[in-house]
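Remarks on the overall topology
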Amino acid sequence: MSAVTSPMTTTVASPDKSPEHHYLNHSSGFLSWALTLDHKRIGMMYLAGILFSFFLGGVFALAIRIHLWNPNLDPEAAWLSNATYNRVFTLHGAIMVFLFIIPSVPAALGNFLLPIMLGTKDVAFPRLNLGSFYLWVTGLLFFTYTLFSSGIDTGWTFYTPYSIESKSAVEAATLGVFILGFSSIFTGLNFIVTINTMRPPGMTWFKMPLFLWAVYATSIIQVLATPVLGITVLLLALERFIGIGIFDPALNGDPVTFQHFFWFYSHPAVYIMILPAMGIISELMSVHSHKGIFGYRMIAYSSIAIALFGFLVWGHHMFTSGMADVTTIVFSALTFTVSIPSAIKVFNWLGTMYQGTVALNTPMIYALAFIFLFTIGGLTGLFLGALSTDMHLHDTYFVVAHFHYVMMGGTLVAFLGGLFHWWPKMTGKMFNDTAGILSAAIVFVGFNLTFLPQFVLGTRGMPRRYASYVREFQQLHQLSTIGAMTLGLGLLVAGLVLLHSLFYGKKAPMNPWGGATLEWECSSPPPHDNFSSPPTVGDPYDFTSVEYDGKTGSYFKKKK
Amino acid sequence: MKIESPRQQGRHPFPKFQKTMTEVAAPADGHGHDHHDHPSWLAHHFDDAEQQYDSGKLGMWLFLVTEVLFFSGMFCAYVLYRNRNPEVFEFCSAFLNEKLGAINTGVLLFSSLTMAWAVRASQLKQTKILVGMLGATLGCAAMFLGVKSVEYSHKWGIGLLPGRYYVAQVENAPHAETNYLQMLCVIPAILSAVFLLYYVYSLVIASKFHQRVAGPLLVSGLCFFAGVGLGNILEGGEHHDEHGAGSHAHDDAHGHAHADPLVQGVATAEKATVETADEGISFVKTSGGPVNDVAVTKEEEGIPNSKVNNQGMAGLFFSIYYCMTGVHAVHIIGGMLVITWLIVKASREEFHSEYFGPVDNVGLYWHLVDFIWIYLFPLLYLIT
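Since the model is a prediction, treat every value here as computed from it, not as a measurement. (Residues numbered from 1 in each chain as written. Chains lettered and ligands numbered in written order. Predicted model: local features only at pLDDT ≥ 70, side-chain atom pairs only at ≥ 80, totals over all residues. Heavy atoms only, no water.)

Secondary structure summary: chain B contains 13 helices and zero strands in total. A burial count over chain B gives 54% of its 384 residues as buried. Summarising the internal contacts of chain B: among those between residues at least 6 apart in sequence, 78% fall at separations of at least 24. Entry remark: accessible area of chain B is about 16900 Å², with carbon and sulfur atoms responsible for 66%. (Helix = DSSP H or I, 4+ residues; strand = E, 2+ residues; numbered from the N terminus. Buried < 20%, exposed > 50% of the residue type's maximum accessible area, 1.4 Å probe, protein only. Contact = heavy atoms within 4.5 Å. Areas by Shrake-Rupley, 256 points an atom, 1.4 Å probe, with all protein chains shown as cover.)

Structure (structure tokens):
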């Protein structure tokens, strides 16, 4: 046995002999990307598409904020007409949720990293993986059609009965969501199977990197919740095509049933958005503190717990839609249980930093920003989960601020942190760290400036989705708009830093941060088949096993 | 020491895999990165046949879970509306021909048997039996759709349409001139013609492979029309009468249910009125949703069972009926496509004891499609 294993360990420890050959230059031409089955290329194509969607959604967000600079008490004088404003905020929400946040971490970073972290060549079903990507593209085309036809003005939640009556292109949008849903289902299915059946010898469940635990929990939700959304939006599309009446009060249907169906998916979908972000933070905290993760098992279990609790709390979106008192109380109580595993994670991340060797580089700054923003987002969620306060805060800017703190301050910031963290691995280029930190700082300041005033607006009674407001709110709205511009600037800087690195960046070493997970054991960027020889699996958070080599600027696995 | 991988710990039900695994894995350190020892049927990123089989199987089971959840939305809608308006379901169910439903149930159950047999045949490399069994499954699926076409077209003809297109059922109503059945038969007819040409071509070029593929396809095309014929016979002569003479002397003579609810309707309607009135009040209390008493307009007063015989009541039932059976039929068509793909692969003799995952997994899918129908049949057809 030892005769077989000893040459293997030595090949792993030495850097790749031909670093010039990697997945990016493995083959060339348009079709080599369009028909690729390589998970890394599929991940990169997702990344490009997702960033495009994010840009699109961001433009709509800025349009909303610019419009709200003035109270618009006279709709004639307003920058956007009321009808246009409705379309703009709906497209902002729908694009950000369905095209950007849900696929952001799992489909882009997850696709790239999952097989490498598992030491395999690819995901279990590479063709299905490519199929998921093209389903995503088809969904994008449907949304693009929506954009260029009559838009959509129902809000991203498509509540009936208005979505049945609306003159806008609800059909195209719902079919787009249906298709995107199946893209998401197939990605989740692929990841679950890959993690279950393709872990390398020696990688037990509790030796998996926490990012994989998070992606696994996410995938469970994707597989279990998304089909329900699929049938719901399909029924809504049929409602418009052939008037089936299931959700239409005019035909004795029940619009509240639509809300139940919709939130049965869309609440778990909130965890589809945040769980993989939490997985990124677990990696970032540990690697950049150069200290083993604190409470590994509890973080892993809490991911699964969040995934399961997430299915039992959808009713808290509907406290004001006339459910029975007992039901609302049960939903409220269950909502509070979700805060427990979330808090476990936050405390474990703080515990990880304690007495660690914290490197304050760009990914870590984003991770710290995440903890601050996510905590605010999570704690303000408790106000909305409590029945008495929710009655007051329901459908106000407090809700808007809350979910932006979680979705944007949480998921987006973690996504950016992860993107900076794995950027050297994905592209083989190092970015300018100082400029990266600057971008993180601007994003952090801009974000808080945008959304802290919205909490105040919400408690004072500013309803969400309104195109106009009373003059008393103008100062806070203007603060928020200035914040949004700052935030946009920060994101622009972040994008420029990454773009700059592509052309002028130094060549990235194999392991620039000192990570102990398997992706840092293949060259940057990884070769076509990921590993030239099979990797050995150790503790993913054992940082005593790696040491810095000043000559190459890289960390290496210590030879034993 | 070499640590055992998770997948190496459990014994596999098929002992053949154990052998392959050790054969393939041993030279490559249990994590085969070498290409030369990969047989053509083993994808490059899998270590061995067992891993490939297990991945495929787990993937299919997960997919089936999503399918069940996909249908669960409609089952939920069914439960909600039946609970709220039980009398509507009784009234409308009588319009469904349980004989056709029963035949289709039998056809699908039989196709499950042939599918299971096909899995066995693929393991034993019995190519002829495998192609035959897959062909039989495909034929059954086509027959199911044939019967379904008769059911659908008949209902469309007399205005049993979903939601806002529902036409209140009255006796002696004029029936639409459109022959929906012919429209539904156009595509199968074209396909059957293509399959016939393909079969003739395969005979001409004397290709065993093409004959194996074309034969089952042609048979399944014919099975569709056998299903249509069978459906027409069971749907009864009254279907003919309605289109022919337009007379409705058949009401008492025929066993077919569609006239019954209108004849016996009065008693049910009385009962229904009382029930809905009671429930209406309790409903308002528990939910903010709409109250379920649809106003009866002047024109509707002359219609039998007007409380339920309208778009918001019976129409909603038919919405649920068409959504559930329609989505199910789409799954049947999807199943037919993948079974055709299997027939092509089977005709190339690709399956053997170490590689039969596709047949096994399509089989699982097919059983699920049957399974859903087994729920749909009593829930929709057998309400008394």
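So, next bit.
Secondary structure summary: chain A contains 16 helices and two strands in total. Looking at the 560 residues of chain A, the share that counts as buried comes to 64%. In chain A, the share of contacts with a sequence separation of at least 24, taken over all contacts with a separation of at least 6, comes to 80%.

Looking now at the nonpolar core. Formed by 267 residues in total, the largest nonpolar core has its most connected members in Phe98, Phe158, Trp349 and Phe370 of chain A together with Phe318 of chain B. Of all the elements, helix α4 (residues 82-117) of chain A adds the most residues to this core, at 22 residues. Setting aside anything within four residues of it in sequence, one finds phenylalanine 158 of chain A in contact with Phe98, Ile152, Ser163, Val170, Ala173, Thr174, Val177, Leu236, Phe258 and Phe262 of chain A. (Core = buried A, V, L, I, M, F, W, Y, C linked by side-chain atoms within 4.5 Å.)

This part is about the environment of alanine 193 of chain B. In this structure, alanine 193 of chain B sits in helix α7 (residues 180-204). Residues alanine 193 of chain B and leucine 222 of chain B, spaced 29 residues apart in sequence, show a C-alpha to C-alpha distance of 9.8 Å.

With that settled, the discussion passes to the environment of methionine 318 of chain A. Residue and element names in this part refer to chain A. Mapping methionine 318 onto the fold places it in the loop between α10 (296-309) and α11 (325-353). Separated by 58 residues in the primary sequence, methionine 318 and histidine 260 place their C-alpha atoms 8.1 Å from one another. Among residues more than four places away in sequence, those in contact with methionine 318 are Val256, Gln259, His260, Trp263 and Met323.

We now examine the pairing of strand β2 (residues 554-557) of chain A. All names here are of chain A. Bridge count for strand β1 (residues 546-549) against β2 is four bridges, and the pairing is antiparallel. In the strand pairing of β2, tyrosine 548 is matched with tyrosine 555. Linking β1 to β2, which pair antiparallel, is a turn of four residues; within it glycine 553 sits at a positive phi near 70°. (Pairing = 2+ DSSP bridges.)

Where helix α7 (residues 170-197) of chain A contacts helix α3 (residues 49-84) of chain B, the two axes come as close as 9 Å, and the packing angle between them is 145°. As α7 of chain A runs across α3 of chain B, the sense of the crossing is right-handed. Along the contact surface, α7 of chain A presents Phe178, Phe182, Ile185, Phe186, Leu189, Ile192, Val193, Asn196 and Thr197 of chain A, while α3 of chain B presents Gln51, Asp54, Ser55, Leu58, Gly59, Leu62, Phe63, Thr66 and Phe70 of chain B. (Axes fitted to C-alpha atoms, helices over the stretch in contact; angles between N-to-C directions. Left-handed = near helix turned anticlockwise from the far one by under 90°.)

Taken residue by residue, chain A gives an average pLDDT of 91. The fraction at 70 or more is 96%. pLDDT under 50 marks residues 1-17 of chain A. Its contacts with residues more than four places away, or in other chains, come to 21 contacts. (pLDDT = per-residue confidence, 0-100.)

Right, let's talk about the confidence of the model for chain B for a bit. All names here are of chain B. Here chain B shows a mean pLDDT of 79. Residues at 70 or above account for 71%. Throughout residues 1-35 the model reports pLDDT below 50, and contacts reaching past four residues in sequence, or to other chains, amount to 75 contacts. Contacts for the low-pLDDT stretch residues 263-293, under 50 throughout, to residues beyond four places or in other chains number 38 contacts.

Residue and element names in this part refer to chain B. Within the structure shown, the criterion is met by 12 salt bridges over all chains. In this structure, the salt-bridge partner of arginine 212 is glutamate 349, at a minimum N-O distance of 3.1 Å. Here arginine 212, found in helix α8 (residues 208-235), pairs with glutamate 349, found in the loop between α12 (314-347) and α13 (357-381); they are 137 residues apart in sequence, far enough to count as distant. Exposure remark for arginine 212: the relative accessible area of 15% places this residue in the buried category. Residues joined in a network through salt bridges with shared partners are Lys148, Glu151 and Lys155. (Salt bridge = Lys/Arg side-chain N within 4 Å of Asp/Glu carboxyl O.)

Attention shifts here to the environment of threonine 380 of chain A. Residue and element names in this part refer to chain A. For threonine 380, the position within the fold is in helix α12 (residues 362-385). For threonine 380, a relative accessible area of 10% translates into the label buried. In the structure, threonine 380 is positioned 26 residues away from valine 406 in sequence and 9.7 Å away in space, judged by C-alpha atoms. In this structure the side chain of threonine 380 is engaged in a polar contact, spanning 3.0 Å, whose partner is the backbone oxygen of glycine 377. (Polar contact = N/O pair within 3.5 Å; in protein donor to acceptor, adjacent residues only side chain to side chain.)

A contiguous nonpolar patch, built from Leu489, Leu492, Leu496, Leu499, Leu502, Phe503 and Tyr504 of chain A and spanning about 770 Å² of accessible area, is present on the exposed surface. Residue position: leucine 496 of chain A is located in helix α16 (residues 474-504). (Patch = residues over 30% accessible without salt bridge, like charges linked within 9 Å, V, L, I, M, F, W, Y side chains within 5 Å.)

This part covers α3 of chain B. Residues three or four positions apart in an α-helix share a direction because the helix packs 3.6 residues into each turn. Residues and elements named next belong to chain B. With 36 residues, α3 extends 52 Å between its outermost C-alpha atoms, agreeing within 8% with the 52 Å of an ideal straight helix rising 1.5 Å per residue. Along its length, α3 reaches its greatest deviation from straightness, about 30°, at serine 72. The N-terminus of α3 is capped by aspartate 48, whose side-chain oxygen sits 3.1 Å from the backbone nitrogen of glutamate 50. (Expected span 1.5 Å × (residues − 1). Bend = angle between axes of the 7 residues up to and from the residue.)

With that out of the way, let us pick up the packing of α7 of chain B against α8 of chain B. All names here are of chain B. Packing of α7 against α8 leaves a shortest axis separation of 8 Å and a crossing angle of 150°. Judged by the angle between their axes, α7 and α8 are roughly antiparallel. Considering only the axes of α7 and α8, their crossing is left-handed. Classifying every residue of the contact of α7 with α8 by side-chain character gives 18 nonpolar, seven polar and no charged. (Parallel < 35°, antiparallel > 145°, perpendicular 65-115°, else oblique. Nonpolar A, V, L, I, M, F, W, Y, C, P; charged D, E, K, R; others polar.)

Turning our eyes to something else, we now look at the packing of aromatic side chains. Residue and element names in this part refer to chain A. Overall, the coordinates contain 66 aromatic pairs over all chains when judged by the stated rule. Plain terms: the ring middles of phenylalanine 100 and phenylalanine 415 are 5.8 Å apart, the flat faces sit at 85° to each other, and that makes the pair edge-to-face. In this pair, phenylalanine 100 is assigned in helix α4 and phenylalanine 415 in helix α14 (residues 397-427), connecting sequence segments 315 residues apart. The exposure classification of phenylalanine 100 matches that of phenylalanine 415, with both residues buried. (Phe/Tyr/Trp six-rings, centres within 6.5 Å; stacked < 30°, edge-to-face > 60°.)

Summed over the entire model, instances satisfying the criterion amount to zero disulfides over all chains. Considering cysteine sulfurs only, cysteine 140 of chain B is the nearest to cysteine 223 of chain B, which forms no disulfide, with 7.0 Å between them. (Disulfide = S-S within 2.5 Å.)

Residue and element names in this part refer to chain A. Tracing the chain through its elements places serine 302 in helix α10. Take serine 302: its relative accessible area is 3%, and that puts it in the buried class. Contact partners of serine 302, with chain neighbours within four places excluded, come to Pro341, Ile344 and Lys345.

Turning our attention to α11 of chain A. Between its first and last C-alpha, α11 of chain A extends 44 Å over 29 residues, near the 42 Å set by a 1.5 Å rise per residue. Within two residues after α11 of chain A, glutamine 355 of chain A carries a phi angle of roughly 60°, on the positive side.

Another aspect to go through is the side chain of asparagine 448 of chain A. Residues and elements named next belong to chain A. Looking at where asparagine 448 falls in the secondary structure, it is placed in helix α15 (residues 433-459). Looking at asparagine 448, its side chain comes within polar contact range of the main-chain oxygen of phenylalanine 444, at 3.1 Å. Aside from chain neighbours lying at most four places away, what touches asparagine 448 is Phe372, Leu373, Tyr405 and Pro453.

Residue and element names in this part refer to chain A. Looking along the chain, the bond that leaves threonine 160 and enters proline 161 is cis, with omega of 0°. By secondary structure assignment, the location of proline 161 is in the loop between α5 (126-148) and α6 (162-165). If you check the backbone angles, asparagine 530 has positive phi at about 70° while not being a glycine. By secondary structure assignment, the location of asparagine 530 is in the loop between α16 and β1.

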